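Residue strings, one per chain:
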Amino acid sequence: MSELTDQIKAASDYISKFWDEKPLAGVILGSGLGDLAEDIEDAIEIPYKDIPHFPVSTVEGHSGKLILGYMSDKPVVAMAGRFHFYEGFSMKQVTFPVRVMKALGIHTLFISNAAGGMNPDFSVGDLMIIRDHINLQPEHPLRGPNESELGPRFPDMSEPYNKELIYRAMEIAAMNQIDLHSGVYVGVQGPTFETRAEYKYMHIIGGDAVGMSTVPEVIVAIHSGLRVFAMSVITDIGIREEENVITHEEVLEAAKAAEPKLTLIFSELIRQL
Ligand code: HPA
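Calculation rules
Residues numbered from 1 in each chain as written. Predicted model: local features only at pLDDT ≥ 70, side-chain atom pairs only at ≥ 80, totals over all residues. Heavy atoms only, no water. Helix = DSSP H or I, 4+ residues; strand = E, 2+ residues; numbered from the N terminus. Buried < 20%, exposed > 50% of the residue type's maximum accessible area, 1.4 Å probe, protein only. Contact = heavy atoms within 4.5 Å. 1 Å grid on protein atoms, 1.4 Å probe; cavity = no way out; pocket = protein on both sides within 12 Å on 5 of 7 lines; lining within 4 Å. Points joined across faces, edges and corners; volume = space filled by probe spheres on them. Nonpolar A, V, L, I, M, F, W, Y, C, P; charged D, E, K, R; others polar. Pairing = 2+ DSSP bridges. Axes fitted to C-alpha atoms, helices over the stretch in contact; angles between N-to-C directions. Parallel < 35°, antiparallel > 145°, perpendicular 65-115°, else oblique. Left-handed = near helix turned anticlockwise from the far one by under 90°. Near = heavy atom within 4 Å. Polar contact = N/O pair within 3.5 Å; in protein donor to acceptor, adjacent residues only side chain to side chain. Areas by Shrake-Rupley, 256 points an atom, 1.4 Å probe, with all protein chains shown as cover. Patch = residues over 30% accessible without salt bridge, like charges linked within 9 Å, V, L, I, M, F, W, Y side chains within 5 Å. Salt bridge = Lys/Arg side-chain N within 4 Å of Asp/Glu carboxyl O. Lys, Arg positive; Asp, Glu negative; His and termini not counted. Charge placed at Lys NZ, Arg CZ, Asp CG, Glu CD.

**Q** So, the environment of Thr 5: which residues are in play, and what are the values?
**A** Along the polypeptide, Thr 5 turns up in helix 1 (residues 3–16). Residue classification places Thr 5 among the buried positions, given a relative accessible area of 7%. In this structure the C-alpha to C-alpha distance between Thr 5 and Val 98, which are 93 residues apart in sequence, comes to 13 Å. Setting aside residues up to four positions removed in sequence, Thr 5 forms contacts with Glu 147, Glu 149 and Leu 150.

This is how it looks when you write it as structure tokens:
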């Protein structure tokens, strides 16, 4: 066993001691989107700092604990707080929890994030299903020797976001009168928000929204053979011509306001698992 597989085993063995259920799905909650965790029943909370080899997150709005419990009567493991490359973690650390959730037994990973909108049809508070991404992050989580027991050397990325889950999410949204966009998420390092020229550039290359997370976790999820569903809350619009200053507080506020819609879609998708 390699060092990484040893660490995954140590973390998942530790977590398994708290719960004799096997989670079907993992849920990663983005900035300002942690309220979904309150819908988890019979919740067992494990602070990241107690889990062997888990990094500990530092960003405001990310509480930093793993939650085991039931959503829509299905066993899930949720991360309240995620790790970002801009915090100084390595890509291996950023994606370590995905490896651990896979080892716990999940087959599907749900991800939420706050993102800036570049599509002129988007407004603050809108939801966007991620149907594809463009990776502009400067490091790759799979760089280095491949561990074939974890996944292939050259993973296919032609369809990282599961089509059936996207289709079902659209049905759920329509049934509940929720407007839903779908689009391309551009993953960047941060921590600066983009300049106007950068938002424009990202729109020209095919992006609809931009954010500082998600892409590394999706890559590792695909490497591990997981199904992925991901959704962005549009918390700011980068391409407006008028004065347009973006703050972290504004991002958190917009995410919080849109959160109930996102929770509804995630919990209905989980019900159908
Ligand atoms: N850019 C990058 N990340 C973000 C943004 C943004 O505009 N909004 C929320 N996260």
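Next comes the rest of the write-up.
**Q** Any details on empty space enclosed by the protein? Residues and values, ideally.
**A** To find leftover empty space, a probe the size of one water molecule is rolled over the atoms. Using the criterion set out here, one finds one cavity of 30 Å³ or more in the structure. A volume near 120 Å³ is recorded for the largest cavity. Around the largest cavity sit 15 residues that line it, and Leu 4, Lys 92, Arg 99, Pro 141 and Leu 142 are the ones nearest its centre. In terms of residues, the lining of the largest cavity owes the most to one element, helix 2 (residues 91–104), which gives four residues. Of the residues in the lining of the largest cavity, the class split is six nonpolar, four polar and five charged.

**Q** Give me the lowdown on the pairing of strand 1 (residues 25–29), citing residues and values where you can.
**A** Most of strand 1 sits out of view: five of its five residues are buried. The alternating pattern of strand 1 places Ala 25, Val 27 and Leu 29 and Gly 26 and Ile 28 on opposite faces, both of which are buried. Pairing of strand 1 with strand 4 (residues 74–80) involves five bridges; the strand directions are parallel. Looking at strand 4, one finds that Val 27 is bridged to Ala 78. The pairing of strand 1 with strand 5 (residues 108–117) spans four bridges and is classified as parallel. Paired with Ile 28 across the bridge in strand 5 is Ile 111.

**Q** Quick one: what's the story with the packing of helix 2 against helix 5 (residues 215–223), residue by residue and with numbers?
**A** Between two packed helices, the angle of one axis relative to the other and the distance separating the axes together describe the packing. The interhelical angle for the contact between helix 2 and helix 5, taken along N-to-C directions, is 50°, at an axis separation of 9 Å. Classed by the angle they form, the pair helix 2 and helix 5 counts as oblique. The crossing of helix 2 and helix 5 is right-handed. Mapping the contact onto sequence places Met 91, Val 94, Thr 95, Val 98 and Arg 99 in helix 2 and Pro 216, Glu 217, Val 220, Ala 221 and His 223 in helix 5.

**Q** Report on the packing of helix 1 against helix 2, specifying residues and quantitative values.
**A** Interhelical geometry of helix 1 versus helix 2 gives an angle of 60° and a closest axis separation of 9 Å. Viewed along their axes, helix 1 and helix 2 adopt a mutual orientation that is oblique. In the packing of helix 1 onto helix 2, the handedness of the crossing is right-handed. Counting all contacts with helix 1, which are made through Leu 4, Gln 7, Ile 8, Ala 11, Ser 12, Ile 15 and Ser 16, the residues of helix 2 involved are Phe 96, Arg 99, Val 100, Ala 103 and Leu 104. Counted by class, the contact of helix 1 with helix 2 contains eight nonpolar, three polar and one charged residues.

**Q** Lay out the site of the ligand with the relevant residues and their values.
**A** As a structural note, the neighbourhood of the ligand is formed by Ala 114, Ala 115, Gly 116, Phe 193, Glu 194, Tyr 199, Val 210, Gly 211, Met 212, Thr 235, Asp 236 and Val 251. A distance of 2.6 Å separates an oxygen atom of the ligand from a polar side-chain atom of Tyr 199. Between an oxygen atom of the ligand and a side-chain N or O atom of Asp 236, the distance comes to 2.6 Å. Calculation on the ligand without its partners gives an accessible area of 260 Å², and the protein chains cover 96% of this total. Per-element accounting of the shell around the ligand gives the leading share, three residues, to strand 5. Its residues assigned to classes, the shell around the ligand shows seven nonpolar, three polar and two charged.

**Q** Explain a negative patch on the surface to me, and be specific about the residues and the numbers.
**A** Together, Glu 38, Asp 39, Glu 41, Asp 42 and Asp 73 line one region of the surface with negative charge. For Asp 73, a relative accessible area of 65% puts it in the exposed group.

**Q** Before we move on, can you summarise the pattern of salt bridges with the specific residues and values?
**A** Enumeration over the complete set of coordinates arrives at eight salt bridges. A salt bridge links Lys 49 to Asp 50; its shortest N-O distance comes to 3.6 Å. In this structure, the salt-bridge partner of Glu 268 is Arg 271, at a minimum N-O distance of 3.2 Å. With a gap of three residues between them, Glu 268 and Arg 271 both fall in helix 6 (residues 248–271), about one helical turn apart.

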